[in-house]
Structures are given as C-alpha cells and as structure tokens.
Amino acid sequence: MKKEKRKWGDRKDGIWLKDIPAMNRIMPTLMPNRADNEAYINVDIDARPLVAYLEKLNEGRTEDKYTFFHLISAAIGKAFILRPKMNRFVCNNKVYQRRDVSVAFTVKKRFDDHAEEALAFFKYDPKETLESYHEKIMKVIHQTKSYEEKDTSTGAMDIVCKLPQWIITAIVKCVLWLDKHGWAPEFLIGSDPNHAAIFLTNLGSIGLPGGYHHLVNWGTNSCFVVVGKKFMKMDYDKDGNGDFHEVIPLGVTLDERIADGYYYSGTMALVKELLEHPWLLEMPADEPVEYSIKK
C-alpha cells in the first residue's frame, strides 16, 4: 500500500477519510462503540481443494508444514489488499484508512492448561506471496513459543500488573484516552491483536467448532475471524443433487460502519475463490483475481 503524507487529523496508523458518503461519516457519531456495530458472517469453505493443495505443498516436508490456517489467513490478507475498504477502522467518531494490512493471532506456547499465550503480530505486504507469508508466519510462531522472548504488549502488561490496583486503573484510563486519539505508545500496542487489521483465532486446532467472536472498543480492529474444526456437510446444486463433503467453517465479525453489505459479500466471494483455487495465493497479493458474487 502506497504511503501517504501525514496530514492534520491523521493518525500514525491511519489516514482520516474526509471525502466519504454522508452515511459513513455520520454513523460513527450516531453509534460510536465498535462493539455495538457488529455484522456477523458465517461461511463454510469446501476443504477438498485445500487438502489436495496442502498434500502437494507438504510433500517431503518434515517440519514447518503448511496448514489450513496458513492458507485461510493468507487468503484473507490478499482480500484486504485487493479490497481496501476492508482495511478501515473507526476511532474517536472518525473513519480511517489503515496504513498497513496487519495480521494477528494468539499462540499457545504448549497445549497445556497452565501454558501461557503469546501474541503474534506482523504485516501482510502488497507483494506478499504464499511462500513469503509462510516463512514470516513460521518465524513469528517460533519466536512467540520461545520462553526467552516476549512480545512488547505482553511484556508491558506484565510490568503494569505488578503495580497497585488503583495505579493500574489510572494507567488504563490514560492509555484508553491516548489510544482514542492515536497517541498510545508503541511499546503498549505494538503487538496488540486488537490493533491489527485482521485478528484470527484457530479453534479448529484445539478441536472446537467455528462460531462468533465479538469485536472490542479498545484498539482499532474491525475484523475478527474464527476458523473452526472441519465437519461433514451436505450441499445441494440448483437441480437438488446432493454433495456430502468436508468443509471448514469461518465466522467473520466485522464493523458495519466501514463498508456496506454488498462490499462484504464481494470480499467473502473473493476469499472463497482463493480457497477453492489456493494456487492463486502463489501470486503477489496485489495481483487481481477474477471472482463473482454467487446469487
């Protein structure tokens, strides 16, 4: 994404959009809380093309294998590059265009009840390919699973939580005010998933079905994606012929103030096109893909 010169009213993480339709300008004032403006979309992705493609990608690999999560998150990242309205956020009653596409998720250091979670946060570049994205995501996962290294947000929270409660409360109120105006310090929000363009959680990796996850008023995140456990589903064509096959459920929660329903529908159509033809992810992220909204 081309960097624009910072103007009055812009934030370090976003460009204030002044020339947008009146409805989009007034909605943040009428409904200022992100959590009150959620639009939820549930989509089932045919797993068969992904299974076949993963077998090809992972042939001969013994470690750092490609997974469904890698393909799905790469497809959503590419969709954000090609459909820039998805990369907007609302803060302090204003609509902003995010300067970068960023991806975030939490990483369980071990599959154990007492194991800590770490935060993974990185940029999805316009020229990103599936290979470069896989290298980036595996590097971040290895770093976050290391007990010697902590992300900046977790480290800052560890320090703050050692203080008396009244001081914690005062600090939180101060940080909320700073964040509202785009002035929150980088060491507090630098790797916070709630400041990412795309916040993902992979419930399928721990055997849970897909579902809804709320947005929060803290931060700038306008898109939360839940990847669920695969299951068998019967689909029917226009002639009533059944097709019983495995699908992967995606639950996508969006801030409805950043775009309209038709734009969201087109975005999900693009994501489905990419996942039905996953080799398209080998192209640079900003290379267009033909797709259509199926009615």
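All figures in this text were calculated on a predicted structure; none of them were measured in a lab. (Residues numbered from 1 in each chain as written. Predicted model: local features only at pLDDT ≥ 70, side-chain atom pairs only at ≥ 80, totals over all residues. Heavy atoms only, no water.)

A closer look at the overall build of the protein chain
1) Next: Within the protein chain, the secondary structure is distributed over 8 helices and 10 strands.
2) Next: For 295 residues, the compact-globule formula gives about 19 Å, and the C-alpha radius of gyration of the protein chain, at 20 Å, lands near that figure.
3) Next: Along the first, second and third principal axes, the C-alpha set of the protein chain runs to 60 × 50 × 30 Å.
4) Next: Among the 295 residues that make up the protein chain, the fraction classed as buried is 46%.
5) Next: Relative to all contacts within the protein chain whose residues are 6 or more apart in sequence, the contacts with residues 24 or more apart total 70%.
6) Next: Entry remark: accessible area of the protein chain is about 15,800 Å², with carbon and sulfur atoms responsible for 56%.
7) Next: Here the protein chain holds 41 positive side-chain charges and 42 negative ones, and the gap between their average locations is 7 Å. (Helix = DSSP H or I, 4+ residues; strand = E, 2+ residues; numbered from the N terminus. Rg over C-alpha atoms; globule rule 2.2 N^0.38 Å. Buried < 20%, exposed > 50% of the residue type's maximum accessible area, 1.4 Å probe, protein only. Contact = heavy atoms within 4.5 Å. Areas by Shrake-Rupley, 256 points an atom, 1.4 Å probe, with all protein chains shown as cover. Lys, Arg positive; Asp, Glu negative; His and termini not counted. Charge placed at Lys NZ, Arg CZ, Asp CG, Glu CD.)

Brief notes about the sheet that holds strand E4 (residues 94-98)
1) Next: Strand order in the open sheet formed by 3 strands is E1-E4-E3, and the pairing between neighbours is antiparallel. In this open sheet, the two edge strands, each paired with only one partner strand, are strand E1 (14-16) and strand E3 (88-91). Taken over all neighbouring pairs, the strand axes of this sheet differ in orientation by 40° on average, direction set aside.
2) Next: As paired elements, E1 and E4 share 3 bridges and run antiparallel to each other. In the sheet register, Gly14 faces E4, and the bridge partner there is Arg98. (Pairing = 2+ DSSP bridges. Axes fitted to C-alpha atoms, helices over the stretch in contact; angles between N-to-C directions.)

Focus: the packing of aromatic side chains
1) Next: Scanning the model with the defined rule gives 9 aromatic pairs in all.
2) Next: Ring centres of Phe105 and Phe122 lie 6.1 Å apart, and the angle between their planes is 85°; on these two criteria the pair is classed as edge-to-face. Here the residue Phe105 occupies a position in strand E5 (residues 102-108), and Phe122 occupies one in strand E6 (residues 117-123), the gap between them amounting to 17 residues. We note that Phe105, like Phe122, is buried.
3) Next: Measuring from centroid to centroid gives 4.5 Å for Phe199 and Phe224, while their planes differ by 40°, and the two rings are tilted. Here Phe224 lies in strand E8 (residues 223-227) and Phe199 lies in strand E7 (residues 198-202), a separation of 25 residues in the sequence.
4) Next: Overall, the relative accessible area of 4% leaves Phe224 in the buried class.
5) Next: The ring of Tyr263 carries Arg83 above its face, with NZ or CZ at 4.0 Å from the centroid. (Phe/Tyr/Trp six-rings, centres within 6.5 Å; stacked < 30°, edge-to-face > 60°. Lys NZ or Arg CZ within 6 Å of the ring centre and 35° of its normal.)

Comments concerning the state of the cysteines
1) Next: Counted under the stated rule, the structure contains 0 disulfides.
2) Next: Not part of a disulfide, Cys174 finds its nearest cysteine sulfur in Cys91, a span of 15 Å.
3) Next: Judged by its relative accessible area of 42%, Cys174 falls in the partly exposed class. (Disulfide = S-S within 2.5 Å.)

Observations regarding the nonpolar core
1) Next: Counting 57 residues, the largest nonpolar core has Phe105 and Ile198 as the members making the most contacts within it.
2) Next: With 9 residues, helix H3 (residues 68-82) is the largest single contributor of residues to this core.
3) Next: Look past the residues within four positions of Ile198 in its chain and what remains in contact with it is Ile76, Gly77, Phe80, Val101, Ser102, Val103, Ala104, Asn221, Cys223 and Val225. (Core = buried A, V, L, I, M, F, W, Y, C linked by side-chain atoms within 4.5 Å.)

Focus on helix H1 (residues 22-30)
Each α-helix winds once per 3.6 residues, and so residues spaced three or four apart point in a common direction.
1) Next: Considered for burial, the residues of H1 that qualify are Asn24, Met27 and Pro28. The buried residues of H1 occupy an angular sector of 95° when the element is viewed end-on, so they sit on one face. H1 presents Ala22 and Leu30 as exposed residues on the side facing more than 90 degrees away from its buried surface.
2) Next: Where H1 is buried, its residues contact E3 and E4. (Arc of directions from axis to C-beta.)

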